[in-house]
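The lines below spell out each chain.
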Amino acid sequence: MKLDVDVLRYLSKDDFRVLTAVEMGMRNHEIVPSELIGRIASLKHGGTYKVLKNLLKHKLVHHDSSKYDGFRLTYLGYDFLAIKTMVNRGVFTAVGRQIGVGKESDIFEVASEDGTVMAMKLHRLGRTSFRAVKSKRDYLRHRSSFNWLYLSRLAALKEFAFMKALEEHGFPVPNAVDCNRHCVVMSLIQGYPLVQVKQLQNPDTVFETIIGLVVRLAEHGLIHCDFNEFNIMIDDDEKVTMIDFPQMVSVSHRNAQMYFDRDIECIYKFFGKRFNLSFEEHSDDIDNSEVVPDESSRPSFSSITKTAGFLDKELAASGFTRKDEDEIQKFIEGDVEEDDLSHGEHDSELCQTNIKGFDSLHLDQEEPTSSCNEEDQVDENLQSSEAGQSGDPEGQNSSSEEEDNEQKGDEDDTELVKSLAKQRRRAMAQARKGHKNTASRNSYKDKGGKSSNNSKIQKQLSSW
Ligand code: ADP
Ligand code: MG
C-alpha cells in the first residue's frame, strides 16, 4: 500500500478531528454511523460531512452505506493518526521509503530532526489469507471491542514491550524507541534479513549464535515462535539481530515444546540447505572439522532451565497487560497453528541503508506528549465507562461545555483525544437514552439493517 505522506501536510485540524472521531466511533462500530461521527467531532454547521468527503477522497476513510450510512477508518487513515502523533511527540520528522513488507506489516524508514534514521513498523493484522481471516472473524464476531485496528494496536504494543524488555536483558534486538496505535518506531538495523544472504564467512559461528539465542530466550521464559531466516538480520560483520516479536509466547504455554522445536528446526533446516552445514550423528571416524555441530547437540526443550515470568515486570512497565496478551494470543494462535513450517512470509528484497527520498513532514508542531500509553489509557477509560452502561456523569453535561470543546482550535493531540472522547461518551449516552440498541454492529447484523433506528439515522442525515 502506498503511504503518501504528502497528503498529511495538507490535512487541517478539522480533518484530524473528524478522523479521530471516526477512530473513536470504531470502538463500538465496525462502520461508524455518520451521525455519530458528526456528534463526536461536533464541528459547526454540519461541517463534518464536508470533511468526511475530503477524507474519503484521500482514502483515509471508507464509506459504507450497505446497511446504514457510515464510515470506517482505512489502514491509511490509521497510519496518518499514528504518524501525526509521532511527529507531535518529536519522535521523527520525515518518512522515507518502504524497506520491508512483512506478513502482517509494512516497514518504512523515518528520520528524526537531527537526521537519525530509524525504522517504523506499521502492523496490519488481518492482511493474512482469507481462510485465516475468516476463522478469526468467527471467533471475534461476538466481541464488541473487536476490530482489526484494535488487534493491530495490541500487536504493536506487544512488540514494543517485548523489544524493550529483551533489550534490557542484553538480547540483540532493535532499540525500541516509541509506539502509538499500530505503529512501532525502532532503531534501523544496518543489515539484511538472513534469507537474502547467500554466503557467510563463518556459517558455523552464526549458526551457533542463533541457536544460542533460542536457548537463552527459553531460559528467560520465552519462545519467539517465528524464528526463521526472515526474522533474523545480519550485518556485514555477521552480527545477528532478531526482530518481529508479536507472536512470542511464554515457556509455560501449552504448546511451548512444539514452538521451541519448530524454531530450532527452522534454523537447522535453513543452515543445512543454504550453507551446507550437515548435522550428522556424531561418529568417531569423522575427522572433517567443518561438520558442525552434530545432531546430538541439538537443544532439547526439556533440558533447559527455564525461568517463566522473568520479563513480566518489564512487560508490565511498558503497559502490556496479561489481558492484552490473552486477547492477541487468541487471535495469533489460530494463525500459528494453521501455519506449517514453511512460514510463508514474503519479505521485501530490499533492505538498503542509503537514505534518499525522505518526505519531510512539516506539520503544525504541537506539545509532544510524553507517555506511550496516554491514549491507551483514554481508550481503557472509555471501554470501562461503556461496559457499565449506567452512570457516565459526563453524558449529562451541559451544552456550554460542548461549546467550549468546539472552540478549542489548538488543542494538542492528547487534548483532542480527550475532548473527543467526552463528545463520544455523550453521543453514546444520548443514543442509548433516545433509542436503545442504537447502531451497533451486531444490532444491524441481527436485524438485517431494517431496524427503525436505521431509518431514523438516515432521515437525520438527509437533512445535513
Ligand atoms: P512482519 O511481522 O510483518 O514479518 P518484520 O518485523 O519481520 O515484519 O519486518 C519485515 C521486514 O522488514 C524484515 O524482514 C526486514 O527486512 C525489515 N525490517 C523490520 N524491522 C527492521 C529494522 N529495525 N531495521 C531494518 N529493517 C527492518
Ligand atoms: Mg517477520
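Our structure's up above, just so we're on the same page.
Thresholds applied
- Residues numbered from 1 in each chain as written.
- Chains lettered and ligands numbered in written order.
- Predicted model: local features only at pLDDT ≥ 70, side-chain atom pairs only at ≥ 80, totals over all residues.
- Heavy atoms only, no water.
- Helix = DSSP H or I, 4+ residues; strand = E, 2+ residues; numbered from the N terminus.
- Pairing = 2+ DSSP bridges.
- Contact = heavy atoms within 4.5 Å.
- Axes fitted to C-alpha atoms, helices over the stretch in contact; angles between N-to-C directions.
- Expected span 1.5 Å × (residues − 1).
- Buried < 20%, exposed > 50% of the residue type's maximum accessible area, 1.4 Å probe, protein only.
- Salt bridge = Lys/Arg side-chain N within 4 Å of Asp/Glu carboxyl O.
- Donors = N, O, S within 2.8 Å, 3.2 Å for Na, K, Ca; no water.
- Core = buried A, V, L, I, M, F, W, Y, C linked by side-chain atoms within 4.5 Å.
- Parallel < 35°, antiparallel > 145°, perpendicular 65-115°, else oblique.
- Nonpolar A, V, L, I, M, F, W, Y, C, P; charged D, E, K, R; others polar.
- Phe/Tyr/Trp six-rings, centres within 6.5 Å; stacked < 30°, edge-to-face > 60°.
- Lys NZ or Arg CZ within 6 Å of the ring centre and 35° of its normal.

Engineer: Describe in detail the environment of G126, supporting the description with residues and values.
Structural biologist: Relative to the elements of secondary structure, G126 occurs in the loop between β6 (117-123) and α6 (130-140). For the pair G126 and S152, spaced 26 residues apart in sequence, the C-alpha to C-alpha distance is 8.4 Å.

Engineer: Describe in detail the sheet that holds β6, supporting the description with residues and values.
Structural biologist: With antiparallel pairing, 6 strands are arranged side by side in an open sheet as β7-β8-β6-β5-β4-β14. The two strands at the open ends of the sheet, each matched to only one other strand, are β7 (176-180) and β14 (359-360). As judged from the 7 bridges shared by strand β5 (residues 105-111) and β6, these two strands associate in the antiparallel manner. Residue pairing in the sheet places I107 in a bridge with K121 of β6. Across the face of the sheet, helix α5 (residues 75-89) comes into contact with β4 (94-102), β6, β7 and β8 (183-187) while running at roughly 125 degrees to β7. Here helix α7 (residues 148-168) sits on the sheet and contacts β6, β7 and β8; the angle it forms with β7, its principal contact strand, is near 160 degrees.

Engineer: Pulling in residues and values, what's your account of helix α8 (residues 203-219)?
Structural biologist: Between the first and last C-alpha of α8 there are 24 Å, a value that for 17 residues agrees with the 24 Å anticipated at 1.5 Å per step. Inspection of α8 places P203, V206, F207, I210, I211, L213, V214, V215, L217 and A218 among the buried residues, and these make up the whole buried set. Positive backbone phi, at 90 degrees, marks G221, one or two positions downstream of α8.

Engineer: Summarise the pattern of salt bridges; cite the residues concerned and give the values.
Structural biologist: Tallying each qualifying case throughout the model produces 11 salt bridges. The shortest N-O distance in the salt bridge between D244 and K121 comes to 3.1 Å. Here the residue D244 occupies a position in the loop between β12 (240-242) and β13 (249-250), and K121 occupies one in strand β6, the gap between them amounting to 123 residues. Neither D244 nor K121 differs from the other in exposure class; each is buried. Notably, a salt bridge pairs K158 with E325, separated by 3.0 Å at the nearest N-O pair. You can see K158 sitting in helix α7 and its partner E325 sitting in helix α11 (residues 322-338), a full 167 residues away along the chain. In terms of burial, K158 and E325 fall into one category: buried.

Engineer: Account for the coordination of the magnesium ion (ligand 2), naming residues and giving values.
Structural biologist: The magnesium ion (ligand 2) binds to the protein through N231 (OD1) and D244 (OD); the donor distances cover 2.1 to 2.2 Å. Of this pair, N231 sits in the loop between β10 (222-223) and β11 (232-234) while D244 sits in the loop between β12 and β13, and the two are 13 residues apart along the sequence. According to the relative accessible area criterion, D244 is buried, its value standing at 14%.

Engineer: Can you break down the sheet that holds strand β9 (residues 192-193) residue by residue, with the values?
Structural biologist: The strands making up a sheet associate through hydrogen bonds between their backbones, and the pairing can be parallel or antiparallel. Taken together, the 3 strands give an open sheet; going across it, the order is β9-β11-β12, and neighbouring strands pair in antiparallel fashion. For this open sheet the edge positions go to β9 and β12, each flanked by a neighbour on one side alone. Where β11 meets β12, 3 bridges bridge the pair, whose relative direction is antiparallel. Looking at the pairing, M233 lines up with T241 of β12.

Engineer: How would you summarise the side chain of T241 if you had to cite specific residues and measurements?
Structural biologist: You can see T241 is positioned in strand β12. On the accessibility criterion, T241 (7% relative accessible area) is buried. Those residues in contact with T241 that sit more than four places away from it in its chain are P172, V173, P174, I189, N231, I232 and M233.

Engineer: Which residues make up the nonpolar core, and what are the values?
Structural biologist: Among the nonpolar cores identified, the biggest contains 120 residues, and L3, I83, F92, V95, M120, L166 and F271 are the most heavily contacted of them. Here this core gets 14 residues from one element, more than from any other, and that element is α7. Every residue in contact with L3, bar those within four places of it in the chain, is listed here: L76, D79, F80, I83, V95, F108, M120 and L122.

Engineer: Please provide a residue-by-residue account of the packing of α8 against helix α9 (residues 256-274), values included.
Structural biologist: Where α8 meets α9, the closest approach of the two axes is 11 Å, and the angle between their N-to-C directions is 175 degrees. It follows from the interaxial angle that α8 and α9 lie roughly antiparallel. Across from P203, V206, F207, I210, I211, V214 and A218 in α8, the residues of α9 making contact are F260, D263, I264, I267, Y268 and F271. Residue composition of the contact of α8 with α9, by class: 12 nonpolar, no polar and 1 charged.

Engineer: How would you sum up the packing of aromatic side chains? Please name residues and give values.
Structural biologist: Inspection of the entire model under this criterion finds 7 aromatic pairs. The structure contains a cluster of three or more aromatic residues connected by ring pairs, namely F207, Y268, F270, F271 and F275. For K84, the ring lying beneath its charged end belongs to F16, and the centroid distance is 4.8 Å. Positioned above the aromatic ring of Y268, the side-chain terminus of R298 is 4.1 Å from the ring centre.

Engineer: I'd like a rundown of the pairing of β7, residues and numbers included.
Structural biologist: The element β7 is extensively covered by neighbouring structure, given that 4 of its 5 residues are classed as buried. Looking at chain direction, β7 and β8 are connected through 4 bridges and run antiparallel. If you follow D178 over to β8, its bridge partner there is V185. Turn length for the β7-β8 hairpin, with the two strands adjacent in sequence and antiparallel, is 2 residues, and the turn residue R181 shows positive phi of about 50 degrees.

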